[in-house]
Amino acid sequence: MIPGNGAGEMSIEIRKLGIVGAGQMGSGIAHVAALNGFSVLVHDVSEERINTGLATINGNLGRQLQKGTIDEATKKAAVDRIDGAPTLADLASCDLIIEAASENEAIKRKIFQDLSKIAKPEAILASNTSSISITRLASSTDRPERFIGIHFMNPVPVMQLVELIRGIATDDPTFRSAREFIAKLGKTVTMSEDFPAFIVNRILLPMINEAVYTLYEGVGSVEAIDTAMRLGANHPMGPLQLADFIGLDTCLSIMQVLHDGLSDSKYRPCPLLVKYVEAGWLGRKVKRGFYDYRGEKPVPTR
Ligand code: NAD
């Protein structure tokens, strides 16, 4: 530990990282942290999920090796720095624990209650939530002052931005430690105030939701909407393709947080988005969403 500014406040040098949730984001954060020299422990609800996450990281590092952006020794060193953590208690020695579990407040609150019991007192707890109040999540822990939002973008190895969100109680040493950690990953930070969905998703998700309304009302097909926004607005991906990439369950949860948190009908989730989520067509991660990814080429589902 290194001394902080204020009386009794200590900032912590982060060496060992714990991750809760080995899905798209958890595995991406583990990947980037391990490449940059951090030891990483990854926990999920089952050994199977943990192993899927570790296999994803291995596959993605393999792709980087093929492209020549890393060499064999770098890949091996990164893989050696990552381990599975079958129980939450295995994260007890971590300096920073980032929660990247499903976008569901009840699940996250329970994780943070459990982490409060096992994390060392000086450890920082963080959430990668896309939309949920950091202040509220912090209040479910034993250390709201050592709690912060660290919002990575998907896919983590590719995207440059990380949003940092302070809760009302987050102290300066915690903020500094988190900022230094992100700098060591070679990423750029923007600060956002703790309001629903922060900056990126406050702007991005209403656009995606509007694209789903455009489809729902029959203004255009999946293909027409995505082509229109790629070629007409110069977006690298169409909004429906992007929704599939994010995960439709995550998109719906973010819209619900915006709708509930800002009490404005302009954030009403599109019923068609709800229907896709109810069908379990959650996007790329399950191979079906606005497109069907089971064949060689994605095929629109509407
Ligand atoms: P995902 O569905 O790919 O992965 C979520 C993982 O959390 C799953 O493996 C699931 O088993 C695990 N999980 C659920 N409950 C758990 C528990 N109690 N303990 C441990 N693990 C548990 O979702 P994702 O896309 O990786 O999103 C994770 C978080 O990151 C969400 O909060 C989401 O809003 C946020 N996020 C997502 C994106 C994106 O584009 N997908 C971008 C930035 C942030």
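Residues numbered from 1 in each chain as written. Predicted model: local features only at pLDDT ≥ 70, side-chain atom pairs only at ≥ 80, totals over all residues. Heavy atoms only, no water.

**Quick word on the overall build of the chain**
Part 1 of the reasoning: Secondary structure assignment for the chain yields eleven helices and twelve strands.
Part 2 of the reasoning: Computed over its C-alpha atoms, the radius of gyration of the chain comes to 19 Å, within 12% of the 19 Å expected for a compact globule of 302 residues.
Part 3 of the reasoning: Seen through its principal axes, the chain has C-alpha atoms that stretch 60 × 50 × 35 Å.
Part 4 of the reasoning: When burial is assessed residue by residue, the chain has 47% of its 302 residues classed as buried.
Part 5 of the reasoning: The contacts of the chain with a sequence gap of at least 6 include a subset with a gap of at least 24, amounting to 66%.
Part 6 of the reasoning: Positive and negative side-chain charges in the chain, numbering 33 and 35 respectively, have mean positions lying 3 Å apart. (Helix = DSSP H or I, 4+ residues; strand = E, 2+ residues; numbered from the N terminus. Rg over C-alpha atoms; globule rule 2.2 N^0.38 Å. Buried < 20%, exposed > 50% of the residue type's maximum accessible area, 1.4 Å probe, protein only. Contact = heavy atoms within 4.5 Å. Lys, Arg positive; Asp, Glu negative; His and termini not counted. Charge placed at Lys NZ, Arg CZ, Asp CG, Glu CD.)

**Regarding the environment of Arg 166**
Part 1 of the reasoning: Position of Arg 166 among the secondary structure elements: in strand β9 (residues 161-166).
Part 2 of the reasoning: Through-space distance from the C-alpha of Arg 166 to that of Asp 260 is 21 Å; in sequence the pair is 94 residues apart.
Part 3 of the reasoning: Ignoring anything within four residues of it in the chain, the contact list for Arg 166 reads Ile 134, Ile 148, Asp 171, Asp 172, Phe 175, Met 191, Ser 192 and Asp 194.
Part 4 of the reasoning: Side-chain polar atoms of Arg 166 contact the backbone oxygen of Thr 170, separated by 3.0 Å.
Part 5 of the reasoning: Looking at Arg 166, its side chain comes within polar contact range of the side chain of Asp 172, at 2.7 Å. (Polar contact = N/O pair within 3.5 Å; in protein donor to acceptor, adjacent residues only side chain to side chain.)

**Focus: unusual backbone geometry**
Part 1 of the reasoning: Across the junction of Asn 154 and Pro 155, the peptide omega takes the value -5 degrees, indicating a cis bond.
Part 2 of the reasoning: Its location among the elements puts Pro 155 in the loop between β8 (147-152) and β9.
Part 3 of the reasoning: Despite not being glycine, Asn 234 has its phi angle at roughly 60 degrees, a positive value.
Part 4 of the reasoning: Take Asn 234: it is sitting in the loop between α8 (222-232) and α9 (239-246).

**Digging into the sheet that holds strand β5 (residues 82-84)**
Part 1 of the reasoning: Taken in spatial order, the eight strands of this open sheet run β5-β4-β3-β6-β7-β8-β9-β10, and their pairing is mixed. Where the open sheet ends on each side, the last strands, each with one partner, are β5 and β10 (188-192). Pairs of neighbouring strands in the sheet enclose a mean axial angle of 25 degrees, with direction left out of account.
Part 2 of the reasoning: Against the sheet, helix α1 (residues 24-35) engages β3 (16-20), β4 (39-43), β5, β6 (96-99) and β8, with an angle of about 170 degrees to β3.
Part 3 of the reasoning: Along the sheet face, helix α4 (residues 105-118) touches β3, β6, β7 (124-127) and β8 and points at about 170 degrees away from the line of β7. (Pairing = 2+ DSSP bridges. Axes fitted to C-alpha atoms, helices over the stretch in contact; angles between N-to-C directions.)

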